[in-house]
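# Analysis of the macromolecular model
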Amino acid sequence: MRPALLFAAMVPLAAGHGAMQYPPSWIDPSGKWGLHAGTQCMAGCHGTAPGAVQHGTQGCGCQWYTNWTHIPGPPTIPRESPLRTYMDWDFGDGVLRDWTVQSPWRAPGTAPTFSPCGVDGGNLRGCPYGNSDLKGCAGGGYAHGPDARAYYPRFKSPKTTEWKAGAVVETAWGLTANHGGGYSFRLCKRPSNMTELTEECFQRTVLDFEGDTQWVQYGE
């Protein structure tokens, strides 16, 4: 069997912030950050994000996503499901509300995305939609960042990981902000033109989890 170059994607399925930590992803080409404590959003950071004042706030690993996207139909993960990762919330009026009912995780794989690999800042077409101002996204990423597929040539000599088909492997991801989401791991064969990577390709090869055990790591 001829070897094929595959891309692995850790796909957060909600309006939250997380990044694949192990194996190293494009955004951590040398594997520098890995599982070090407190570094789950530090890989790839450079420049100053639109609307920010602090340097090193653009291109960070947890900032490649699609902001403000919702499922197009009813949730497939119901309100009482143990798969929910953020429970009902009281917004100050004494009423508990299922506020994540339209979040992508509530019907995995159905919410539209700008790119299967994420968009830097999450808002490809501005905030609100159609606004050309790069600083219009108060508290919700930033606008008009690059699509990771087009940005790919800037990832110099990314570290690669080889997996044998059918093997059990260990993976890890880092959470920066919990907004009631979940995650899955997917593979897609690399096309000759990186801009041809599609969400449909990744959804065709979703990796199964081995067993029912996962753990949270604090520190190293």
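Residues numbered from 1 in each chain as written. Predicted model: local features only at pLDDT ≥ 70, side-chain atom pairs only at ≥ 80, totals over all residues. Heavy atoms only, no water.

## Structural notes on the state of the cysteines
Selection criterion: Throughout, disulfides are identified as pairs of cysteine sulfur atoms within 2.5 Å of each other. Here a helix means four or more residues in a row that DSSP labels H or I, a strand means two or more in a row labelled E, and each is numbered from the N terminus. Throughout this description, buried means an accessible area under 20% of the type-specific maximum (1.4 Å probe, protein chains only), exposed means over 50%, and partly exposed covers the range between.
Scanning all chains against the criterion turns up four disulfides. Covalently, Cys127 is tied to Cys137 through a disulfide, its sulfur atoms 2.0 Å apart. Residues Cys127 and Cys137 are joined by a disulfide whose S-S torsion is about 90°; by sign, that bridge is right-handed. One end of the pair, Cys127, is in the loop between β7 (122-123) and β8 (142-143); the other, Cys137, is in the loop between β7 and β8, and 10 residues separate them in sequence. Cys137 shares its class with Cys127; the two are buried. When the bonded cysteines of the protein are counted from the start of the sequence, the pairing works out to 1-4, 2-3, 5-6, 7-8. With no disulfide partner, Cys117 has as its closest neighbouring cysteine sulfur the one in Cys188, 8.0 Å distant.

## Examining the nonpolar core
Within soluble globular proteins, side chains that are nonpolar generally end up buried alongside one another. Selection criterion: Nonpolar core, defined: a set of buried Ala, Val, Leu, Ile, Met, Phe, Trp, Tyr and Cys residues in which side-chain atoms within 4.5 Å join the residues together.
Residues Trp26, Phe155 and Leu197 are the most contacted members of the largest nonpolar core, which totals 13 residues. If you list the elements that add at least two residues to this core, you get α1 (148-151) and α2 (199-204).

## Some points on the packing of aromatic side chains
For clarity, the threshold we go by: Working definition: rings of Phe, Tyr and Trp (its six-membered ring) pair if their centres are within 6.5 Å, and the pair is stacked with planes under 30 degrees apart, edge-to-face with planes over 60 apart, and tilted otherwise.
Tallying each qualifying case throughout the model produces eight aromatic pairs. Aromatic side chains Tyr86 and Trp99 sit 5.1 Å apart centroid to centroid with 85° between the ring planes, which places their arrangement in the edge-to-face category. Placement of Tyr86 in the loop between β3 (64-65) and β4 (89-90) and of Trp99 in the loop between β5 (96-97) and β6 (119-120) is noted, with a sequence separation of 13 residues between them. In this structure Tyr86 comes out as partly exposed when scored by relative accessible area, which is 24%. Overall, Trp99 belongs to the partly exposed group, its relative accessible area being 34%.

## Quick notes on unusual backbone geometry
Following Tyr22, the chain continues to Pro23 via a peptide bond in cis, the omega torsion being 0°. In this fold, Pro23 is placed in the loop between β2 (17-22) and β3. The omega torsion of the bond from Cys127 to Pro128 falls at -10°, within 30 degrees of zero and hence cis. Summarising the element assignment, Pro128 is placed in the loop between β7 and β8. Positive phi, normally seen in glycine, also occurs at Trp68, with a value near 55°. Not every positive phi belongs to a glycine, and His144 is a case in point at roughly 60°. Structurally, His144 can be placed in the loop between β8 and α1.

## Points about the domain arrangement of the protein
For clarity, the cut-off: Domain start and stop points were drawn from an automatic or database domain assignment. In this analysis, two residues are considered to be in contact whenever any of their non-hydrogen atoms come within 4.5 Å of each other. Once two parts are put together, the accessible area they lose, assessed with a 1.4 Å probe and summed over both, is termed the buried area. A pairing counts as a salt bridge when a side-chain nitrogen of Lys or Arg comes within 4 Å of a carboxyl oxygen of Asp or Glu.
Domain boundaries in the protein define domain 1 (19-69 + 112-210) and domain 2 (71-110). At the interface, nine residues of domain 1 touch 10 residues of domain 2. Buried surface at the junction of domain 1 and domain 2, both sides included, amounts to about 740 Å², of which 50% is carbon and sulfur. It is Thr69, Asn178 and Gly180 in domain 1 that bury the most area against domain 2; as a group they hold 44% of the surface buried on that side. Taken together, the links from domain 1 to domain 2 amount to zero salt bridges.

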